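Chain by chain, the residues:
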Amino acid sequence: MPVEKKGKKGSSPNIASYYKVEGDKTSRTRKVCSRCGKGTFMAQHKDRNTCGKCGLTEFNQ
């Protein structure tokens with residue numbers, strides 16, 4: 001039986017929603033992790049931002 005290939009583990013299919021395009025400029029809609037650097041976005045929760053890679057949590061005030 002052939003094995004069905006799936007997407008790369010840990011990849012996000014909605015990465016296009018993390019950027020906003022206005023004319024010829026792009027901006028990020030989510031915060032970037034300060035430990036991991038560029039390319040690692042933090043998850044937005046009701047009261048905090050969390051990095052899924054390193055576990056850094058920043059609480060909103």
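Scoring rules and cut-offs
- Residues numbered from 1 in each chain as written.
- Predicted model: local features only at pLDDT ≥ 70, side-chain atom pairs only at ≥ 80, totals over all residues.
- Heavy atoms only, no water.
- Pairing = 2+ DSSP bridges.
- Helix = DSSP H or I, 4+ residues; strand = E, 2+ residues; numbered from the N terminus.
- Axes fitted to C-alpha atoms, helices over the stretch in contact; angles between N-to-C directions.
- Buried < 20%, exposed > 50% of the residue type's maximum accessible area, 1.4 Å probe, protein only.
- Disulfide = S-S within 2.5 Å.

Moving on, we come to the sheet that holds strand S3 (residues 42–44). Here 3 strands make up an open sheet; going across it, the order is S3-S4-S5 and the pairing antiparallel. Each end of this open sheet is capped by a strand with a single partner; those strands are S3 and strand S5 (57–59). Pairwise comparison of adjacent strand axes, ignoring direction, gives a mean angle of 20 degrees for this sheet. Direction of pairing for S3 relative to strand S4 (residues 48–51): antiparallel, over a ladder of 3 bridges. In the sheet register, Met-42 faces S4, and the bridge partner there is Cys-51.

This part covers the side chain of Thr-40. Positionally, Thr-40 belongs in the loop between strand S2 (25–28) and S3. Given a relative accessible area of 14%, Thr-40 falls into the buried group.

Right, let's get into the pairing of S2. With 4 bridges joining them, strand S1 (residues 19–22) and S2 adopt antiparallel strand pairing. Paired with Tyr-19 across the bridge in S2 is Arg-28. What sits between the antiparallel neighbours S1 and S2 is a turn of 2 residues, in which Gly-23 has the positive phi angle 65 degrees.

Now for the state of the cysteines. According to the stated counting rule, one finds 0 disulfides in the structure shown. Free cysteine: Cys-33, not disulfide-bonded; nearest cysteine sulfur from Cys-51 at 3.7 Å. Classification of Cys-33 by relative accessible area gives buried; the value is 2%. The closest cysteine sulfur to the non-disulfide-bonded Cys-36 is located on Cys-54, 3.7 Å from its own sulfur. Taking relative accessible area as the criterion, Cys-36 reaches 27% and is therefore assigned partly exposed.

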